[in-house]
Amino acid sequence: MRRQDREITDRGEIRAIVERAKILHLGLNDEGRPYVVPLHYGVEWAEELPVFYVHGAKEGRKLDLLRRDGRVFVEIDAAGALVPGGETPCRYGAVFESVMCDAEAELLPAGGEKQRALQILMKTQTGRDFAITPEMAEGVAVIRLRAVNLSAKARRA
């Protein structure tokens, strides 16, 4: 990381950013070209690394690309206010927090694991517990994204 002064290493602080933000940007490989999709997500933690769950249509470009290459990139950010620079354009900036990681993606099969993933997604997004029926889960594709590394940084003022 180039800006060591902005690096976040405290796992509690990283968890707080992930749990505060609501949109994940999923980067996929489309035959050598990047394809990025913004998605709502759910998260649980396995040891020190997050496991994300996203959902969407049961067919389309995102799933086609995942089936070809499950190696993906995840970016989450919590953007903040503009940092003014007065009359000097190069002094402007923004307050932000971000978390990034390489991840392995897999499509979840029908069943209890898929329902549980959707419950985690709803809890992360709304703070509420919902019962997900097999019929609800059957209507969507659910993808698990297991982080294999993690970095985070912030500019807070």
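Cut-offs used in this document
- Residues numbered from 1 in each chain as written.
- Predicted model: local features only at pLDDT ≥ 70, side-chain atom pairs only at ≥ 80, totals over all residues.
- Heavy atoms only, no water.
- Core = buried A, V, L, I, M, F, W, Y, C linked by side-chain atoms within 4.5 Å.
- Buried < 20%, exposed > 50% of the residue type's maximum accessible area, 1.4 Å probe, protein only.
- Contact = heavy atoms within 4.5 Å.
- Helix = DSSP H or I, 4+ residues; strand = E, 2+ residues; numbered from the N terminus.
- Salt bridge = Lys/Arg side-chain N within 4 Å of Asp/Glu carboxyl O.

Peer 1: Describe the nonpolar core, naming the residues involved and giving the relevant values.
Peer 2: Counting residues in hydrophobic clusters, the biggest one holds 32 residues, and the most contacted among them are L24, Y41, F52, V74 and L145. Non-local contacts of V74, meaning those with residues more than four positions away in its chain, are made with L24, H25, L26, F52, V99, M100, C101, A103 and L145. Counting 10 residues, the second largest nonpolar core, distinct from the first, contains V51, A117, A137 and V140.

Peer 1: Just give me the short version of the environment of P34, but keep the residues and values in it.
Peer 2: You can see P34 is positioned in strand β2 (residues 33–40). The spatial distance from the C-alpha of P34 to the C-alpha of F73 is 10.0 Å, given a sequence separation of 39 residues.

Peer 1: Just give me the short version of the pattern of salt bridges, but keep the residues and values in it.
Peer 2: For the structure shown, the criterion picks out 11 salt bridges. We note a salt bridge from D69 to R71, for which the minimum N-O separation is 2.9 Å. Residue class for D69 comes out buried when judged on its relative accessible area of 14%. Residue E113 pairs with R144 through a salt bridge whose shortest N-O separation is 2.3 Å. Taken together, the residues span a long stretch of sequence, with E113 in helix α3 (residues 112–126) and R144 in strand β7 (residues 141–147) at a distance of 31 residues.

Peer 1: Tell me about unusual backbone geometry, residues and numbers included.
Peer 2: Note on backbone geometry: most residues besides glycine have negative phi, and most peptide bonds are trans. Unusually for a residue other than glycine, E31 sits at a positive phi of about 50°. Assignment of secondary structure puts E31 in the loop between β1 (23–30) and β2. The exposed category is assigned to E31, whose relative accessible area is 67%. Positioned with a positive phi, E47 is a non-glycine residue whose angle comes to about 60°. The topology assignment puts E47 in the loop between β3 (42–46) and β4 (49–56).

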